[in-house]
Amino acid sequence: MSELLDLVGIFVFALSGALMGVRKRLDVVGMAVLAEITALGGGIVRDLILNVRPAAFQSLGYVLVPVVATVIVFFWHPHVARVMPAILVLDAAGLGLFCAVGTEKALDYGLSPLHATLLGVTTAVGGGMLRDILAGEIPTLLYDRQLYAVPATLGSAVMAWLSSAFGLHGWPATLAAAVLAFGLRLAAMRRNWRAPLARGLTE
Amino acid sequence: MSELLDLVGIFVFALSGALMGVRKRLDVVGMAVLAEITALGGGIVRDLILNVRPAAFQSLGYVLVPVVATVIVFFWHPHVARVMPAILVLDAAGLGLFCAVGTEKALDYGLSPLHATLLGVTTAVGGGMLRDILAGEIPTLLYDRQLYAVPATLGSAVMAWLSSAFGLHGWPATLAAAVLAFGLRLAAMRRNWRAPLARGLTE
Amino acid sequence: MSELLDLVGIFVFALSGALMGVRKRLDVVGMAVLAEITALGGGIVRDLILNVRPAAFQSLGYVLVPVVATVIVFFWHPHVARVMPAILVLDAAGLGLFCAVGTEKALDYGLSPLHATLLGVTTAVGGGMLRDILAGEIPTLLYDRQLYAVPATLGSAVMAWLSSAFGLHGWPATLAAAVLAFGLRLAAMRRNWRAPLARGLTE
């Protein structure tokens, strides 16, 4: 179940990587590289910091799902772009899931709640940042003002709090944290909540 | 004492990250991400290479100080920019400190003096390079011609040499190496010492 | 013998890094940083993922060869650029060698053939991607349409297959895989084989 949810999150992130490849007119190799790195990058960074072998290098599905996403985008990208609103919702689900799972793994390896929260956010947003850097752009996350890292931070913090204050583990806590981040991200998109610029900068 | 010096270095590097965020018109999330990565990135890369869990994920202060720097820059960035000359001096102090501490940690983990020097420099300049890449710029270090990596290299080499040739450890050696790199960096700024371009390139 | 071949590959990749530095008008520090990272980056990423201390931080030659390459490019870059066709052939040899050696090391550390192939490709192309990112460009690999990662992938796959299906190890398998990737890369250059763009994008 948890493995299946992981694969859904990886698939959605891989779609966004391959679509970025189309938008920047990369060839199919570039699309595949972006799909793999967008989908797996956040988890790989998390596991490097936890000093364990990355999960992406121990699972067949993690590596093959981005290949499937690349093939789909390669042949049907106009249709994929047309269903982008649906993909944004799936991306929000992936964001929620990855921050919750990342925080949980960090707690399992003995990090403090604060550091586990930080690493959960890294898991959720790391792949997208690597995607943007490879595509020659400033990571969207840094300037976009749409709330993206903030929902992930709150989801991760709730996960760390449920686990350290109440001893809640496993799928109930993961689900609660993931749903919270997912809902906040959707609300931020719908109501156009925005992060502020530094004081005095004109909009 | 050593912890306090570390925090000062982290604070100064975080200020430079958050100020880069203002300059590139990033939102507050982007400012905080740049502050964290500028301040902690060099040490994280060092610890990944040493194959130990990054110090940044074991200390509350390391993670919270960049948040404080972000808040200060968010509200008072015109004043912070006005005291930039003072910040450049502090940055030189951070550079000296980080190269000495990084080299010492590398020696403690059994690296040769040459490799410890390389890793000391990486500790000192890695965060700033990551800041520039995330902000969509070529790292200043690579083209700026102001001597920045060179003082760090000399400081790291002296640290490695004091330690391997004389068995000097702890704060006297660290202080000597840090002061050397700090002094060289200040002299390079004041006298405008410049690194050469490849032979035949016109200025 | 294997160490010598490694050093040749490192030397060639370092030349390409230092030449990129000249092309972007970086100073000598920038040239040296690009040379080191281009030559050693792929192997460092491989070793971080394998969770072992990077080989580059245990060998004097690995660190010093890029310094030599930087000095050569600094003084004789017009000549180096003139022999670029020869360097492209050497680069193809480095590509073949690095993908074979990287795959073998990954298998030695217990990765599955699929994951070892992926890590072999990462070893071969990682340094060049880091070089381009540091130089402020989208990695050539992603958009260039010349086949570069594909020969490395086939070489890595053959290495993994010889090893897992026939128990072949050591230099015969490494040589076969390296020569295959090398030959495919040369053929791709000569016959201008190209990777496709996503369906419907005009050339």
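Residues numbered from 1 in each chain as written. Chains lettered and ligands numbered in written order. Predicted model: local features only at pLDDT ≥ 70, side-chain atom pairs only at ≥ 80, totals over all residues. Heavy atoms only, no water.

Novice: When you look at the nonpolar core in this model, what are you seeing that I'm missing?
Specialist: One recurring pattern in soluble globular proteins: nonpolar side chains tend to sit buried together. Core analysis: the biggest nonpolar cluster contains 171 residues, and A:Val73, A:Val125, B:Val73, B:Val125, C:Val73 and C:Val125 have the highest contact counts within it. Not counting residues within four places of it along the chain, the set of residues in contact with C:Val73 comprises C:Leu15, C:Ala18, C:Leu19, C:Val22, C:Met31 and C:Val80. (Core = buried A, V, L, I, M, F, W, Y, C linked by side-chain atoms within 4.5 Å. Buried < 20%, exposed > 50% of the residue type's maximum accessible area, 1.4 Å probe, protein only. Contact = heavy atoms within 4.5 Å.)

Novice: Just to check I follow, could you spell out the interface of chain A and chain C for this structure?
Specialist: Reports often express the size of an interface as the amount of accessible area lost when the parts come together. Chain A puts 31 residues into the contact, and the matching count from chain C is 29 residues. For the pairing of chain A and chain C, the buried interface totals around 2,600 Å² over both sides, and the portion due to carbon and sulfur atoms is 69%. For chain A, the biggest contributors to the area lost against chain C are A:Arg25, A:Arg53 and A:Phe57; these three give 28% of the whole. One can count zero salt bridges joining chain A with chain C. Looking at the side of chain A that touches chain C, the elements that each hand over two or more residues are α2 (28-49), α3 (60-82) and α5 (113-134) of chain A. Along the lines of polarity and charge, the residues of the side of chain A that touches chain C split into 21 nonpolar, six polar and four charged. (Buried area = accessible area lost by both parts, 1.4 Å probe. Salt bridge = Lys/Arg side-chain N within 4 Å of Asp/Glu carboxyl O. Helix = DSSP H or I, 4+ residues; strand = E, 2+ residues; numbered from the N terminus. Nonpolar A, V, L, I, M, F, W, Y, C, P; charged D, E, K, R; others polar.)

Novice: What's the story with the environment of B:Ala124 in this structure? I'm lost.
Specialist: All names here are of chain B. Here Ala-124 shows up in helix α5 (residues 113-134). For the pair formed by Ala-124 and Val-45, sequence separation is 79 residues and the distance between their alpha carbons is 11 Å. In contact with Ala-124, other than residues within four places in its own chain, are Phe-13, Leu-95, Phe-98, Cys-99 and Ala-152.

Novice: Please explain a nonpolar patch on the surface as it appears in this structure.
Specialist: Judged by side-chain polarity, A:Leu60, A:Leu64, A:Val67, A:Val71, A:Phe75, A:Trp76 and C:Leu114 come together as a nonpolar surface patch covering roughly 590 Å² of accessible area. Among the elements that take part in the nonpolar patch, α3(A) stands out by supplying six residues, more than any other. (Patch = residues over 30% accessible without salt bridge, like charges linked within 9 Å, V, L, I, M, F, W, Y side chains within 5 Å. Areas by Shrake-Rupley, 256 points an atom, 1.4 Å probe, with all protein chains shown as cover.)

Novice: Please explain the interface of chain B and chain A as it appears in this structure.
Specialist: Opposite the 31 residues of chain B that make contact, chain A presents 29 residues. For the pairing of chain B and chain A, the buried interface totals around 2,600 Å² over both sides, and the portion due to carbon and sulfur atoms is 69%. Joining chain B to chain A, the criterion identifies 11 residue pairs in polar contact (both at pLDDT 80 or more). Tallied by class, residues from the side of chain B that touches chain A come to 21 nonpolar, six polar and four charged. (Polar contact = N/O pair within 3.5 Å; in protein donor to acceptor, adjacent residues only side chain to side chain.)

Novice: What is the right way to read the relation of the copies chain B and chain A from this model?
Specialist: Between the two chain copies there is a screw-like relation: a rotation about an axis and a shift along it. Note on the copies: chain B fits chain A at an RMSD of 0.0 Å, the axial shift is 0.0 Å, and the rotation between them is 120 degrees. As the rotation angle and translation indicate, the two copies are arranged about a three-fold axis. Here only 10% of the contact residues of chain B are again contact residues in chain A; the copies associate through non-equivalent surfaces. (Least-squares fit on C-alpha atoms with pLDDT ≥ 70 in both.)

Novice: Would you mind going over the environment of B:Leu107 with me for this structure?
Specialist: Residue and element names in this part refer to chain B. Within the element layout of this structure, Leu-107 appears in helix α4 (residues 84-108). Residue classification places Leu-107 among the buried residues on the basis of a relative accessible area of 17%. Taking the C-alpha atoms as reference points, Leu-107 and Thr-117, 10 residues apart in sequence, are found 8.9 Å from one another. Beyond its immediate sequence surroundings of up to four residues, Leu-107 is in contact with Ser-112, Pro-113, Ala-116, Met-159, Ala-160 and Ser-163.

Novice: In this structure, what is going on with the side chain of C:Asp91? I would like to understand it.
Specialist: Residues and elements named next belong to chain C. Mapped onto the elements, Asp-91 comes out in helix α4 (residues 84-108). Lacking a salt bridge, the buried Asp-91 has Arg-185 as its closest oppositely charged neighbour, with an N-O distance of 5.0 Å. Setting aside its immediate chain neighbours within four residues, Asp-91 contacts Val-12, Phe-13 and Tyr-148. (Lys, Arg positive; Asp, Glu negative; His and termini not counted.)

Novice: Would you explain unusual backbone geometry in this entry?
Specialist: The phi torsion at A:Asn51 lies on the positive side, around 65 degrees, for a residue other than glycine. Mapped onto the elements, A:Asn51 comes out in the loop between α2 and α3. The phi angle at B:Arg25 is positive, at roughly 55 degrees, despite the residue not being glycine. Along the chain, the position of B:Arg25 falls in the loop between α1 (2-23) and α2 (28-50).

Novice: What's the story with the environment of C:Gly17 in this structure? I'm lost.
Specialist: Residue and element names in this part refer to chain C. Structurally, Gly-17 is set in helix α1 (residues 2-23). Taking C-alpha positions, Gly-17 is 9.5 Å from Ala-135, a pair spaced 118 residues apart along the chain. Not counting residues within four places of it along the chain, the set of residues in contact with Gly-17 comprises Leu-34, Ala-35, Thr-38 and Arg-131.

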